[in-house]
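# Coordinate analysis (summary)
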Amino acid sequence: TFVVNGADVRDSILEPGCRVDSYGIVEDALMCCQSHVELNGKLLRSILGPLSGVAEGEISSSFVGPLVGFHHQAGLIGCYWPSGKGNIGFGANVGSNHTG
C-alpha cells in the first residue's frame, strides 16, 4: 500500500495493495485490495471495490463494486454499483443532483 506524490488520505481504510498517488484525495473511505486513486482523483465517503481505480474524477457517497475503471473527468455521486465491471466515461455525471 502506497500514499505518495502529494496524495492526501484522511480517516480512511486502505487494504493491502492500494495506491493513492499524484495528488489523489481519499477521505472517510474504504479502498478494497488493489484499488487506486490518482491524478487528482477524489474518493469521498465511499467504498471502492477491489481492482478498481479513480483518476481525474470524483466518487462521493457511493458503493462502487470490483473492476471499475474511472479515468476521466466525471462524477459519480450517491450511487450503488456493487456488481461493478464497468467504466465511467469522460464527462459523465451520475447520481444526485448532478445529472443535468
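Attention here is on the structure that accompanies the text. Since the structure is predicted, the reported quantities are computational estimates derived from the model, not experimental observations.

What counts, and at which threshold
Residues numbered from 1 in each chain as written. Predicted model: local features only at pLDDT ≥ 70, side-chain atom pairs only at ≥ 80, totals over all residues. Heavy atoms only, no water. Pairing = 2+ DSSP bridges. Helix = DSSP H or I, 4+ residues; strand = E, 2+ residues; numbered from the N terminus. Buried < 20%, exposed > 50% of the residue type's maximum accessible area, 1.4 Å probe, protein only. Core = buried A, V, L, I, M, F, W, Y, C linked by side-chain atoms within 4.5 Å. Contact = heavy atoms within 4.5 Å. Salt bridge = Lys/Arg side-chain N within 4 Å of Asp/Glu carboxyl O.

If you trace the 5 strands from one edge of the open sheet to the other, you get S3-S6-S9-S12-S15, paired in parallel fashion. Two strands bound the open sheet, and with one partner strand each, they are strand S3 (13–14) and strand S15 (80–81). Strand direction decides the pairing type here: strand S9 (residues 47–48) and strand S12 (residues 63–64), joined by 2 bridges, are parallel. Pairing of Leu48 across the sheet is with Val64, part of S12.

Looking now at the environment of Asn93. Among the structural elements, Asn93 can be located in strand S17 (residues 93–94). Overall, the relative accessible area of 41% leaves Asn93 in the partly exposed class. In this structure, the C-alpha to C-alpha distance between Asn93 and Ser46, residues 47 residues apart in sequence, is 16 Å.

Right, let's talk about the nonpolar core for a bit. Across soluble globular proteins, nonpolar side chains have a tendency to be buried as a group. In this structure, Val37, Leu43 and Ile59 are the most contacted members of the largest nonpolar core, which totals 17 residues. With sequence-adjacent residues up to four places away left out, Leu43 is seen in contact with Ile25, Val26, Glu27, Ala29, Leu30, Met31, Val37, Leu48 and Ile59.

The next thing to look at is the sheet that holds strand S4 (residues 19–20). One open sheet accounts for 6 strands, arranged S1-S4-S7-S10-S13-S16; its pairing is parallel. What marks the edges here is a single partner per strand, and that holds for strand S1 (2–3) and strand S16 (86–87). One ladder, built from 2 bridges, connects S4 with strand S7 (residues 36–38); its direction is parallel. Within S7, the position partnered with Val20 by the bridge is Val37.

Taken as a whole and assessed by the stated rule, the structure comprises 3 salt bridges. When the shortest N-O distance is used, the salt bridge between Asp8 and Arg10 registers 3.0 Å. Owing to a relative accessible area of 46%, Arg10 belongs among the partly exposed residues under this scheme. A salt bridge links Glu38 to Arg19; its shortest N-O distance comes to 2.6 Å. Placement of the pair is Glu38 in strand S7 and Arg19 in strand S4, with a sequence separation of 19 residues. You can call Glu38 buried: its relative accessible area is 16%. The network of salt bridges with common partners includes Arg19, Asp21 and Glu38.

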